[in-house]
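These are the residues of each chain, in order.
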Amino acid sequence: KGIVAVLSGYPAQPTTSIVKLPAKAARLPMLSKTFKTAGYNTAFYYGGELEFANMKAYLMSGAFDKYVTVNDFSGTELNSKWGAHDGVIMQKLMREIAVAKQPFFYTWLTLSSHEPFETPLQTVITGNDDASKFLNSLHYTDGVLYGFVQECKKQPWWNNTVLLIVADHGHRMPATGKKIDDFKIPLLMLGGRVKAGVIDKTGSQTDLAATLLSRTGISASEFTWSKNLTDSMAKPSAY
């Protein structure tokens, strides 16, 4: 549900997901198709199996130029239950994005913070309970993302780039004592095309498409449910 909201600006359904209905999902707009039409090079990176949760059928309709999956790694690189940990993917992505033909739109779906919350590095947040293991997995992925951002900053294209980091959903752990807070997620907008500041509006993943496209001058009209979070007149919503 989260990946469809991010890439297609399409709201989640309560009891199912549109990716389980390929005939319908194929008719959704997708950022990769929009950027490809505008002349961008596109790629999708994920360290696991694209077949998981029927993602492959949905993503193939996005016409990415390249898909990097578990099948592109072997041996010690496959160091996670799900395939390759985020650190392995980051190294490959950084090597390839550093020499990518511009302009480009690259997407990376992380996996290390998924159950069973294992990491390839020494435990930092100790504890055998699920909440501690979950937080430790987040600590690992946060470190990988930090390293990725630092490497991106060294690239000549950084000043002309928008880098978005967003969660696909909230989590029941650690319990906040207030259910609505369990489902709050971050959206970080980085890069030279982003002005410093804080967006204090309540939005959701569906608003990423219009917000990103507003940085590029490409129309977001086909993303019906998406609102530009940086537009003072926009009225996004979330539930």
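Scroll up for the structure.
Residues numbered from 1 in each chain as written. Predicted model: local features only at pLDDT ≥ 70, side-chain atom pairs only at ≥ 80, totals over all residues. Heavy atoms only, no water.

**Here's the deal with the packing of aromatic side chains**
Note the cut-off: Centres within 6.5 Å make a pair out of two Phe, Tyr or Trp rings, where for Trp the six-membered ring is used; the pair is then stacked when the planes are under 30 degrees apart, edge-to-face when over 60, and tilted otherwise. Helix and strand definitions follow DSSP, with helices as H or I runs of at least four residues and strands as E runs of at least two, each counted in order from the N terminus. Relative accessibility decides the category of a residue: with a 1.4 Å probe and only protein chains considered, values under 20% of the type maximum give buried, values over 50% give exposed, and everything between is partly exposed. Counted as over-ring charges are cases with an Arg CZ or a Lys NZ within 6 Å of the ring centre that also lie within 35 degrees of the ring normal.
Across all of its chains, the model carries 10 aromatic pairs by this definition. Seen from their ring centres, Trp108 and Phe148 are 5.6 Å apart, and the 75° between their planes marks the pair as edge-to-face. With a gap of 40 residues between them, Trp108 in strand β3 (residues 104-109) and Phe148 in helix α6 (residues 130-152) connect regions that are remote in the sequence. Given a relative accessible area of 18%, Trp108 falls into the buried group. Members of the aromatic cluster, each reached through a chain of ring pairs, are Tyr45, Phe104, Tyr106 and Trp157. If you follow Lys92 out to its NZ or CZ, it ends over the ring of Phe73, 6.0 Å from the centre.

**Focus: the side chain of His171**
Rule in force here: In protein, a polar contact means a hydrogen-donor-capable atom and an acceptor-capable atom, both N or O and within 3.5 Å, with residues adjacent in sequence counting only if both atoms are side-chain atoms; elsewhere, any N or O pair within 3.5 Å suffices. Contacts were defined at the residue level, with two residues in contact if any of their heavy atoms lie within 4.5 Å.
With respect to the secondary-structure elements, His171 resides in the loop between β4 (163-166) and α7 (179-182). For His171, the side chain forms a polar contact with the main-chain nitrogen of Met173, separated by 3.0 Å. With sequence-adjacent residues up to four places away left out, His171 is seen in contact with Glu115, Phe117, Phe134 and Asp182.

**Points about unusual backbone geometry**
Here the amide bond leading from Glu115 into Pro116 is cis, since omega sits at 15°, within 30 degrees of zero. By the element assignment, Pro116 lies in the loop between β3 and α6. Of note, the bond from Met173 into Pro174 is cis; its omega dihedral lies within 30 degrees of zero at -15°. Along the chain, Pro174 falls in the loop between β4 and α7. Backbone geometry at Ala63 places phi at a positive 55°, although glycine is not the residue there. Its location among the elements puts Ala63 in the loop between α4 (55-60) and β2 (66-68).

**Observations regarding the packing of helix α5 (residues 86-97) against α6**
What counts is decided by this rule: All axes are obtained by fitting lines to C-alpha atoms, using only the stretch in contact for helices, and the reported angles, taken between N-to-C directions, cover 0 to 180 degrees. Orientation categories follow fixed angle ranges, with anything under 35 degrees roughly parallel, anything over 145 roughly antiparallel, 65 to 115 roughly perpendicular, and all other angles oblique.
At their nearest, the axes of α5 and α6 sit 9 Å apart, and the two run at 10° to each other. Relative to α6, the element α5 is oriented roughly parallel. Contact residues: Asp86, Gly87, Met90, Leu93 and Met94 in α5; Tyr140, Thr141, Val144, Gly147, Phe148, Glu151 and Cys152 in α6.

**A closer look at the sheet that holds strand β1 (residues 41-46)**
Quick note on the threshold: Note: two strands are recorded as paired if DSSP finds a minimum of 2 bridges between them.
Read across the sheet, 3 strands follow the order β2-β1-β3 without closing on themselves; strand pairing throughout is parallel. Lying at the two open borders of the sheet, with one neighbouring strand each, are β2 and β3. For this sheet, the mean inter-axis angle between neighbouring strands, taken without regard to orientation, is 15°. The sheet strands contacting α5 are β1, β2 and β3, and the helix crosses β3 at an angle near 175°.

**Looking at α5**
To be explicit about the condition: Under the convention used throughout, the expected extent of a helix is 1.5 Å for every residue step, that is, one less than its residue count.
Compared with the 16 Å implied by 1.5 Å per residue over 12 residues, the 16 Å span of α5 between its first and last C-alpha is a close match. With 9 of 12 residues buried, α5 lies mostly within the body of the structure. Those residues of α5 not exposed but buried are Asp86, Gly87, Val88, Ile89, Met90, Lys92, Leu93, Met94 and Ile97.

**A few points about α6**
The first and last C-alpha atoms of α6 sit 33 Å apart over 23 residues, in line with the 33 Å expected at 1.5 Å per residue. Among all positions in α6, only Ser132, Phe134, Asn136, Ser137, Tyr140, Thr141, Val144, Leu145, Phe148, Val149 and Cys152 are buried. Close packing links the buried residues of α6 with α5, β3, β4 and β5 (187-190).

**Examining the environment of Lys56**
Among the secondary structure elements, Lys56 is positioned in helix α4. Classification of Lys56 as partly exposed rests on a relative accessible area of 34%. Each C-alpha atom, one on Lys56 and one on Pro22, is 9.8 Å from the other, the two residues being 34 residues apart in sequence.

**Considerations on the nonpolar core**
The condition is simple: Residues belong to a common nonpolar core when they are buried Ala, Val, Leu, Ile, Met, Phe, Trp, Tyr or Cys residues joined through side-chain atoms within 4.5 Å.
Ile3, Leu7, Leu31, Phe44, Tyr58 and Leu59 are the most contacted members of the largest nonpolar core, which has 28 residues in total. Mapped onto this core, the elements with two or more residues apiece are α1 (2-8), α3 (31-37), β1, α4, β3 and α8 (208-214). Counting 23 residues, the second largest nonpolar core, distinct from the first, contains Phe104, Trp108, Val144 and Phe148.

Keep in mind that these numbers describe shape and distance, not what the molecule does.
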